[in-house]
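One letter stands for each residue in the lines below.
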Amino acid sequence: MSSQADSSEAKNIAEYIDMLKDQILARWREGVRRDPEHAALIRKLDDQELQDHLPALADEVIKFLRGTPAEDLDEDAARHGRQRRALGYSVVPMVRELQIFRRVLTDMVHEIVGVNAEQVERARNLIIDIVDRSTNISILQYTLAAEEERNSAQGEARELHEQRDHFLVTLSHELRNQISPILLGVRLLKDLQSSDQRMQRAVAGIERQAQHQAILINDLLDISRFRYGKLQLEREKLDLRVPIRHALETFQRDFSAKQLKLEVGLPERPLFACADEARIAQVLINLISNAIKFTASGGIVRVSLGKQAGVAVVTVLDTGAGIDPEILPELFTMFFQANEPSKAVNAGLGVGLALAKVLTEMHGGMIEAYSEGKGKGAQFMVRLPIIADAAEEKSTSANRVLVVDDNPDHLELLADLLKLRGYEVLQARDASEALRLVLEHKPHACVIDIRLPGMDGFELARKLREIPEARDSRLVAVTGFGTASDKEVFAAAGFDHYFSKPPNIDELNRVLTKH
C-alpha cells in the first residue's frame, strides 16, 4: 500500500512540475545569469542556447517521476556535453549549471509538497538521481570531445612538424651540395699562393663565411636526425683537449679578423671522457661561434677546461653583448629568438644552442648559461662525465652513494645530478633493496627518502647502523615533511643530516664531501 502511495505522490509531483516547467526554466536562467562565475561566459548566449537540453531534461524528470522510462536521457545529456564544449565552457561551469537546475527543481518540489518532509525527501532523491546521471553523461561526452580535439590538433601539429623537418633536410642537402665546391675552390686558391694582398683577404673572407654556412647546414641536418632518432654517437676514450683545439682552429681567422683576444686554459695532463670527438667539437664550435659573433672588436674570449666535483667542465666566456637573465631559461629552446636581438649582429636561426644541449645531454652531460645582463658578457659551461684513471678509481669507491626513493622520477633525477658531480650512484626503491646493495657495495653515504613502502626511512637508518658495512656511512634523510624541530628525531634514528624536498643539490654535495 505504501509503495502505491509513493507512486501516486511522485506522479502528482510530476504533474505539478509539468505545469510549472516554464517557471522552473525561467528561475534557472535567472539564477545562472546572476552567477558571477558565468557572467562573461554566457553574456552573448540567448535563452535557447543557454537552456540547450534542460527543457528535455525536465521532461525526462517528469517521465521518471511518472514511472515511465527516461529513454532519451543519455542521448540528450551527451549532446549537451558536446554543445557546452563547442561554446567554450570548461567542465566546472557546465556542472555548476546542472547543480543550479537540480536545486531549482528540488526547491520547487518543497513548495509543491509543503511540510511533508518524508515526501519531499523521496521526490528530492529521485530528482537528484536523474539529474546526476545526466550530469555524469554530459561530463563524459565533454571530456571525449576535448580529447578528440586534442588528438586532431596533435595530428595536424605532427603533420606540420614532419613537413618542416622534411623541408629542413631537403634544404640542408641542397645547401651542402652548393657550399662544398665553394670551400674546395677556396682551398685551391689558397694553395696557388697569390702574392696579391687583396686576393688573400678576399679568399680568407670567402672561406670564413663558407665555413659558417657549413656549420649551420650541419646543425640543421643533425636536428632533423635527432628528431627521428637517427643521430648517433661514436664514443671513444677521448682527451677533451683535442676537440677544444679543433674548435679553436676553426675560428683562428675569425679572431684575427675581429681583433679579439683569445685566452685558452687547458690542463697539462689529459682529461678523458667516453665521447664522440666530432660531436663535442660541434658543441664547442657553436659556443665559440656565438662568443665571436656577440663580442665587439677588441673584446676577450676565454676557453678553458678543468675538473670540478669529479666532472670535466669546458667554459666559454666572453666580454660581449651579454644576455638578459630573464631569457636564460629559454636560451636552449629550438628556434628561440630574443625579442630584441642585437642590431649589430645577425642573431641566427636559434638552432646552434639547441643542438649543443642535445649533444651534451646525449653524452650524459649538461650545459648551462650565465650572464649578469646586457653588455656584461656571457659564460657557457659544458659539464661531461669523465673516465677516471687507476688512481682515481680508488677515490671513486670512496664516493659511492646509495639513493633510496620509491618515486622513480625523483630517484632518477637526484641520481643523475649526483653522477654529474662525480659520484658513483646506486639506486634502490625500497628498504630491502637498499639493504642488499649496502651489503654488496658498501657505499660511503646513503640518501634516504623517509616515506618508503613497508619499512620506512627511519627504520632503514636504524638497521643500517647495526650492520658493519654501513656503520660508518654518512646517512642523509630526504623528506617532504621535515622541519627544523625534527632534528632530534632524525638524529635518534641515526641520520647525520636531513633535507626537505627538493634537496639543494649544492648543499647535499657539501654534506656528502664533508670529512
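Cut-off values and rules
Residues numbered from 1 in each chain as written. Predicted model: local features only at pLDDT ≥ 70, side-chain atom pairs only at ≥ 80, totals over all residues. Heavy atoms only, no water. pLDDT = per-residue confidence, 0-100. Helix = DSSP H or I, 4+ residues; strand = E, 2+ residues; numbered from the N terminus. Contact = heavy atoms within 4.5 Å. Pairing = 2+ DSSP bridges. Axes fitted to C-alpha atoms, helices over the stretch in contact; angles between N-to-C directions. Buried < 20%, exposed > 50% of the residue type's maximum accessible area, 1.4 Å probe, protein only. Right-handed = clockwise from strand over helix to strand, strands pointing away.

Student: Hey, could you run me through the confidence of the model for the protein chain in this one?
Tutor: Caution applies to low-pLDDT regions: their predicted coordinates should not be interpreted in detail. Mean pLDDT for the protein chain: 78, with 74% of residues reaching 70 or above. The spread of mean pLDDT over the elements of the protein chain runs between helix α14 (residues 390-397), the lowest at 47, and strand β5 (residues 311-318), the highest at 93. Low pLDDT, under 50, characterises residues 1-5; the predicted model gives this stretch zero contacts beyond four residues in sequence or across chains. Here residues 390-396 scores under 50 on pLDDT; set against residues more than four positions off or in separate chains, the count is five contacts.

Student: Could you clarify how one ought to interpret the sheet that holds strand β2 (residues 261-265) in this entry?
Tutor: Two orientations exist for strands paired in a sheet by backbone hydrogen bonds: parallel and antiparallel. Reading across from one edge, β2-β4-β5-β7-β6 is the order of the five strands in this open sheet, with mixed pairing throughout. Here the strands that pair on one side only, and so sit at the sheet edges, are β2 and β6 (366-370). Averaged over all neighbouring strand pairs, the angle between strand axes comes to 15°, with direction disregarded. Across eight bridges, strand β4 (residues 300-308) lies against β5 in antiparallel orientation. When the sheet's bridge partners are listed, glutamine 308 is paired in β5 with valine 311.

Student: I keep staring at the environment of isoleucine 292 and nothing clicks. Help me out?
Tutor: Relative to the assigned elements, isoleucine 292 resides in helix α12 (residues 277-293). For isoleucine 292, a relative accessible area of 6% puts it in the buried group. Residues isoleucine 292 and leucine 260, spaced 32 residues apart in sequence, show a C-alpha to C-alpha distance of 7.8 Å. Discounting chain neighbours no more than four positions away, the residues touching isoleucine 292 are Phe251, Asp254, Phe255, Lys258 and Leu260.

Student: Help me understand the pairing of strand β10 (residues 445-449), please; the structure alone is not making it clear to me.
Tutor: Consecutive residues of a regular strand have side chains that alternate between opposite faces of the sheet. Of all five residues in β10, five are buried; the element is thus mostly enclosed. As paired elements, strand β8 (residues 400-404) and β10 share four bridges and run parallel to each other. Along β10, the bridge assignment pairs valine 401 with alanine 445. With respect to chirality, the unit in which β10 leads through helix α17 (residues 457-464) into the neighbouring parallel strand β11 (residues 474-479) is right-handed.

Student: In this structure, what is going on with the sheet that holds strand β12 (residues 497-500)? I would like to understand it.
Tutor: Taken in spatial order, the five strands line up as β9-β8-β10-β11-β12 in an open sheet, and their pairing is parallel. Edge strands, defined here as strands with exactly one partner in the open sheet, are β9 (424-428) and β12. With direction set aside, neighbouring strand axes in the sheet form an average angle of 20°. Sheet topology places β8 next to β9; five bridges connect them, and they run parallel. Of the residues in β9, the one forming a bridge with valine 401 is valine 425. Contacts from helix α15 (residues 408-420) reach β8, β9, β10 and β11 within the one sheet, and its direction differs from that of β9 by about 170°. Along the sheet face, helix α16 (residues 431-441) touches β8, β9 and β10 and points at about 145° away from the line of β9.

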